Amino acid sequence: MKNYEFAVGFVTGALIIFVTLIQLNVALPLVWLLFMAGPFLVIWMVWSVLVAPVQIEETFEDQWYQDRPDLRREE
């Protein structure tokens, strides 16, 4: 598995666990621990995604607005 996929999955799981623990009224120190770790987890996830060795074939000029044909650039 690639590092950025693990990072996205882990941080998403942590967010789901955090929200679930709040709704279940679990001990506040555990909720606060996840809350305080959240920004670091997000920074780690963003860094992992940005440095991922993924090759993109299309350029911004090629793709522009795919979902809005009326906004596509005319050549």
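Residues numbered from 1 in each chain as written. Predicted model: local features only at pLDDT ≥ 70, side-chain atom pairs only at ≥ 80, totals over all residues. Heavy atoms only, no water.

### Considering the environment of leucine 34
Under the convention used in this document: Numbering of helices and strands starts at the N terminus; helices are DSSP runs of H or I of at least 4 residues and strands are runs of E of at least 2. Burial here depends on accessible area, computed with a 1.4 Å probe over protein chains only, as a share of the maximum for the residue type. Under 20% is buried, over 50% is exposed, and the range in between is partly exposed. We call two residues in contact when some of their heavy atoms are within 4.5 Å.
As for its position among the elements, leucine 34 is in helix α2 (residues 28–50). Assessed through its relative accessible area of 23%, leucine 34 is described here as partly exposed. With 20 residues separating them in the primary sequence, leucine 34 and alanine 14 have C-alpha atoms 7.6 Å apart. Excluding its chain neighbours within four sequence positions, the residues that come into contact with leucine 34 are Ile17, Phe18 and Leu21.

### Section: unusual backbone geometry
Backbone geometry at asparagine 25 places phi at a positive 55°, although glycine is not the residue there. For asparagine 25, the position within the fold is in the loop between α1 (3–23) and α2. Relative accessible area serves as the criterion here: at 68%, asparagine 25 is assigned to the exposed category.

### A closer look at α1
Here is the rule we go by: For a helix, the expected span equals 1.5 Å multiplied by the number of residues minus one. Within this analysis, the arc is defined by the directions that extend from the helix axis to the C-beta atoms.
When the terminal C-alpha atoms of α1 are compared, their 30 Å separation across 21 residues agrees well with the 30 Å that a helix rising 1.5 Å per residue should span. Of the residues making up α1, those classed as buried are Ala7, Val11, Ala14, Phe18 and Leu21. What you see down the axis of α1 is that its buried residues fit within an arc of 90°, all on one side. The outward face of α1, more than 90 degrees from its buried face, is lined by the exposed residues Ile16 and Gln23.

### Considerations on the side chain of serine 48
Here serine 48 shows up in helix α2. Those residues in contact with serine 48, other than ones at most four positions away along the chain, are Asn3, Tyr4 and Ala7.

### Observations concerning α2
Quick reminder of the rule: Note on bend: at a given residue it equals the angle between the axes fitted to the 7 residues ending there and to the 7 starting there.
When the terminal C-alpha atoms of α2 are compared, their 33 Å separation across 23 residues agrees well with the 33 Å that a helix rising 1.5 Å per residue should span. Considering bend angle alone, the principal kink of α2 is centred on glycine 38 and spans about 40°; proline proline 39 follows within four residues of it. Within the span of α2, buried status applies to Val31, Leu41, Met45 and Ser48. Its buried side turned inward, α2 meets α1.

### Some points on the packing of aromatic side chains
Applicable threshold: The pairing test for Phe, Tyr and Trp rings, Trp by its six-membered ring, is centres within 6.5 Å, and the orientation test on the planes gives stacked under 30 degrees, edge-to-face over 60, and tilted for anything in between.
In this structure the tally under the stated criterion is 5 aromatic pairs. Plain terms: the ring middles of phenylalanine 10 and tryptophan 44 are 6.1 Å apart, the flat faces sit at 80° to each other, and that makes the pair edge-to-face. Here tryptophan 44 lies in helix α2 and phenylalanine 10 lies in helix α1, a separation of 34 residues in the sequence. On the accessibility criterion, phenylalanine 10 (42% relative accessible area) is partly exposed. A connected cluster of aromatic rings, assembled from ring pairs, spans Phe6, Phe10 and Trp44.

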